[in-house]
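Results of the structural survey
Residues per chain are reported as follows:
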Amino acid sequence: MTRKQKQVLLRLILATVLIVAVQFLPVTGWLQLVLCLIPYLIIGYDILLGAAHGILSGQIFDENFLMAIATVGAMALGEYTEGVAVMLFYQLGELFQSYAVGKSRTSISQLMDIHPEYANLEGPDSAPVRVDPEEVTVGATILVQPGERIPIDGEVLEGSSSLNTSALTGESLPRSVAPGDTVISGCVNLEGLLKIRTTKCYEDSTVAKILDLVENSSLKKARAERFITRFAHYYTPIVCGSALALAVLPPLVRLLMGLDGAWFTWLYRALTFLVISCPCA
């Protein structure tokens, strides 16, 4: 876990302990509100600040705004425990999401380490000449020392060794290679010197294609992802408008029919609608 994730976890634990403790205290009214505000602010102050910042910057309709309105509304209706609980569960879900994303970023960072920085091209007198992998042509002979990564796909001409392929295949056991075997770029040579004839240029090698996919994945959104991005632009304002209508229109209709408006009931339902409509709910 990162330092920020540990802080959120600590806030979750502290807020949970406090709100549970409040349930066993014989308090009501304003004192209960004050006691519930302590865990509420501990776990939700960043959400409230995010909602306020969004309002000031003109980007009102986001998940922070929805959660702030729903929980503040619950507190205003006297449902103090529910207001805190909603914020607790929301932050717990955000923590799980943050942890999962962090694990993915770590995996990608480790994957980026397979990038070869150089290739040892065999010179006229068989002495290795360090060059950029992109300068190596198909059919050239390269030398890979123990501990170095194979920079380009090829075929072993001389030497035998074991290769660490875990960064590419996830296989923990080394793979043995000998003359005539095909090797792929990104693997680490563990033992002896290998003389390899390249069968591809660097741009077409395995490691280059993997790195290109990783680096450009964020730029190539799937059709569903593009649709969701456009949909979210309209979704949140519609949800907020629907919640407002749910809180106001039914009571007005009831009043016109000569019935009690039941404002509390419909406001409660509107806030519930906001929570369940939030994509992070």
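Structure: see above.
Notes on the structure follow. Note that the structure is predicted; figures quoted are calculated from it, not measured. (Residues numbered from 1 in each chain as written. Predicted model: local features only at pLDDT ≥ 70, side-chain atom pairs only at ≥ 80, totals over all residues. Heavy atoms only, no water.)

**Regarding the pairing of strand 4 (residues 154–158)**
As paired elements, strand 4 and strand 7 (residues 182–183) share two bridges and run antiparallel to each other. Following the sheet pairing, E155 is matched in strand 7 by T182. Note that strand 4 and strand 9 (residues 194–198) share four bridges and pair antiparallel. Across the sheet, the residue bridging to V156 is I196, located in strand 9. (Pairing = 2+ DSSP bridges. Helix = DSSP H or I, 4+ residues; strand = E, 2+ residues; numbered from the N terminus.)

**Overview of the packing of helix 1 (residues 3–23) against helix 2 (residues 29–57)**
Geometrically, a packed helix pair is captured by the angle between its two axes and the distance between the axes. It is the contact of helix 1 with helix 2, at a shortest axis distance of 9 Å, that shows an interaxial angle of 160°. Judged on the interaxial angle alone, helix 2 and helix 1 are roughly antiparallel. The two elements helix 1 and helix 2 cross, and the hand of that crossing is left-handed. Contacts from R11, L12, L14, A15, L18, I19 and V22 of helix 1 reach helix 2 at L35, C36, I38, P39, I42, I43, G44, Y45 and D46. Across the contact of helix 1 with helix 2, the residue classes tally to 13 nonpolar, one polar and two charged. (Axes fitted to C-alpha atoms, helices over the stretch in contact; angles between N-to-C directions. Parallel < 35°, antiparallel > 145°, perpendicular 65-115°, else oblique. Left-handed = near helix turned anticlockwise from the far one by under 90°. Contact = heavy atoms within 4.5 Å. Nonpolar A, V, L, I, M, F, W, Y, C, P; charged D, E, K, R; others polar.)

**Here we look at the nonpolar core**
Within the largest apolar cluster, 20 residues are counted, with the highest numbers of intra-cluster contacts made by V136, I150, L163, V183, L194 and I196. Elements represented by at least two residues in this core include exactly strand 3 (141–144), strand 9 and helix 6 (206–216). By residue number, the principal contributor to this core is helix 6, which donates three residues. When neighbours within four sequence positions are excluded, V136 is seen to be in contact with A119, L121, V131, I142, I152, T198 and C201. (Core = buried A, V, L, I, M, F, W, Y, C linked by side-chain atoms within 4.5 Å. Buried < 20%, exposed > 50% of the residue type's maximum accessible area, 1.4 Å probe, protein only.)

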